[in-house]
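The residues making up each chain are set out below.
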Amino acid sequence: MALRLYNTMSSRIEEFRPLRNNEVRMYACGPTVYDYGHIGNFRTFIAVDLLHRFLRQSGFKVHYVMNITDVDDRIIRNSARDGVSVQQFTAKYEKAFREDSAMLNIEPPKLVRATDNIQPMAEFVQKLMEKEIAYRTDDGSYYFRIAKFPAYGKLSKKDFSGMIDGARVDVDDYDKDSARDFALWKGPKPGEASWETAIGPGRPGWHLECSVMSMQELGESFDLHAGGEDLIFPHHENEIAQSESLTSKPFARFWFHARFLLVEGEKMSKRLGNFFTLRDLVLKGHRPSSIRYLLTSVPYRNQLNFTFDGLKQAAVSVERLRNFGLRLSTGSFPAGANPAMQSLATETIERMRVALDDDLNTAQAQGAIFEMVRQANAAFDTGSIKKDDVPPLLVALRKFDEIFAVLDDDDVPKMKQVLEWAPTEGREKEISNELREAVRSNQLTDADIESKIAAIKAARASRDFKASDALRAELADAGIIVEITKDGIRWRRK
Ligand code: AMP
Ligand code: ZN
């Protein structure tokens, strides 16, 4: 079996084979750093993170590049509103994006900034001018003449037969039934950021940024290009037009698009009050691991409806997996191996791989690990897990976590960062009691807890129950529940 992925270009599920043997070159459209990232953005970024992780787990060497759009219409508008330079404005949100990605255990791709690549963008426009695919207007802007690219529309499958040659659009994002010549480069305007280049002063259009940076980093033809489904038209269509008309080579082989996220059944919007940034949710006391888990629980091409009930459920799921891991790593087991547990572990690894090979069926992979946990917990209770069964079960858990990345017990330090950040933005009123409580009561690291558990064991061994009770009370105060069973001592966070 090999990975099969849906390709928006062919509208089919295809076997994924990279152009170069064992190397995958992939590009994802990154954030426009004009605000804090919302959970819809992270649904898409996590979907691509999952793909990245799974390709690596499958043995590929992956070059994964993402752009940071740090100049565009919205950035210019908002930085002017706040009375700060574009650079000051974007630096803040770029930093927030990096922090938020880390909070969600998104492995950083190679990040490239648009404003660090302005000259190659101008050169790209110049080459399109030489080929007479681009034209200049009186205000110093440059447009792409879509009539010169007959394949225009091949990704979005839109019918452009009513297209009017020469009709133009100069905003970056538009949703028109008929295509327009789009801006490659925007001439200077008073009060707007602009750069001096070989084609004159101005700034790049958004679509141009991605064509130039992806080909610069990955070559003229590469394996996969990703983004949210809203980018299919016009953004990706325009990227294809620019790139292929210049190189006469196919641009990206696979087009990977994540479906838009809904919140409580509706399209997320500030107006409906169902718009959440990652930080909004952490301020309410939700854990980053629950958010990541929920965002991966529905395969990337299916509609994910984000609800607060779902978020609570996700927290329970993560807890269950973590407790199972602890139970295995801290319990004591009789010598030997139980063949049923051995094959349970191997089959689970296989089932997860088959699920992810099938166009990243994350729901099915999660189902497989929970089935293993259910069966292994039952075996645990009847004493039929043996010492040699522990490593393979832990391997299955680790393989799961190489992709899903929710098992490390590191939520609290991350939540603490948000707690400390809120006052710097004048948002201390939004800090919930749940967040304060989570941070207050969970200051201990796993290692701190393990050493206290060892002390409890020692105290009990010498029948010093007073000391053992005192330690338990101390842990209970810090939100740690200690259970003493015939198998040994277990602990978990409240
Ligand atoms: P932006 O910062 O607006 O350029 O968007 C960054 C990424 O988030 C793009 O890949 C978008 O397609 C994606 N995105 C934006 N809104 C949503 C949403 N509601 N659900 C899923 N992905 C989204
Ligand atoms: Zn892009």
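If you're wondering where the values come from, they're calculated on a predicted model, not measured in any experiment.

Q: Which residues make up the coordination of the zinc ion (ligand 2), and what values go with them?
A: Coordination of the zinc ion (ligand 2) by the protein comes from Cys29 (SG), Cys210 (SG) and His235 (NE2), over a distance range of 2.0 to 2.2 Å. Between consecutive donor residues of the zinc ion (ligand 2), the sequence gaps follow C-x180-C-x24-H. Here the residue cysteine 29 occupies a position in the loop between strand S3 (23-28) and helix H1 (39-57), and cysteine 210 occupies one in helix H5 (residues 206-218), the gap between them amounting to 181 residues.

Q: Explain the pairing of strand S1 (residues 4-7) to me, using residue names and the numbers behind them.
A: Consecutive side chains along a regular strand alternate between the two faces of the sheet. The side-chain alternation of S1 yields one buried face, formed by Leu5 and Asn7, and one unburied face, formed by Arg4 and Tyr6. Pairing analysis gives 4 bridges linking S1 to strand S2 (residues 12-15), with the strands arranged antiparallel. Across the sheet, residue asparagine 7 finds its bridge partner in S2, namely arginine 12. Hairpin connection between S1 and S2: a loop of 4 residues separates the two successive antiparallel strands, and serine 11 in this loop has a positive phi of roughly 60°.

Q: So what's going on with the pairing of strand S11 (residues 222-228)? Which residues, and what values?
A: The buried fraction of S11 amounts to 7 of the 7 residues, a majority that puts the element mostly inside the structure. Across 6 bridges, the pairing between S11 and strand S12 (residues 252-258) is parallel. The partner of glycine 227 across the bridge, within S12, is histidine 257. The handedness of the S11 to S12 crossover, carried by helix H6 (residues 232-247), is right-handed.

Q: So what's going on with the environment of lysine 131? Which residues, and what values?
A: By secondary structure assignment, the location of lysine 131 is in the loop between helix H4 (118-130) and strand S6 (134-136). For lysine 131, a relative accessible area of 40% gives the class partly exposed. Residues lysine 131 and leucine 246 lie 115 residues apart in sequence; the distance between their C-alpha atoms is 7.8 Å. Setting aside its immediate chain neighbours within four residues, lysine 131 contacts Ser245, Leu246 and Ser248. Polar side-chain contacts of lysine 131 include one of 3.1 Å to the backbone oxygen of leucine 246.

Q: Explain unusual backbone geometry to me, using residue names and the numbers behind them.
A: Going from phenylalanine 233 to proline 234, the amide bond is cis rather than trans, its omega being 0°. Along the chain, the position of proline 234 falls in helix H6. In this model, arginine 463 sits at a positive phi of 55°, which is unusual for a non-glycine residue. The topology assignment puts arginine 463 in the loop between helix H15 (446-461) and helix H16 (465-477). Judged by its relative accessible area of 63%, arginine 463 is exposed.

Rules and cut-offs
- Residues numbered from 1 in each chain as written.
- Chains lettered and ligands numbered in written order.
- Predicted model: local features only at pLDDT ≥ 70, side-chain atom pairs only at ≥ 80, totals over all residues.
- Heavy atoms only, no water.
- Donors = N, O, S within 2.8 Å, 3.2 Å for Na, K, Ca; no water.
- Helix = DSSP H or I, 4+ residues; strand = E, 2+ residues; numbered from the N terminus.
- Buried < 20%, exposed > 50% of the residue type's maximum accessible area, 1.4 Å probe, protein only.
- Pairing = 2+ DSSP bridges.
- Right-handed = clockwise from strand over helix to strand, strands pointing away.
- Contact = heavy atoms within 4.5 Å.
- Polar contact = N/O pair within 3.5 Å; in protein donor to acceptor, adjacent residues only side chain to side chain.

These results come straight from atomic positions and should not be treated as a statement about function.
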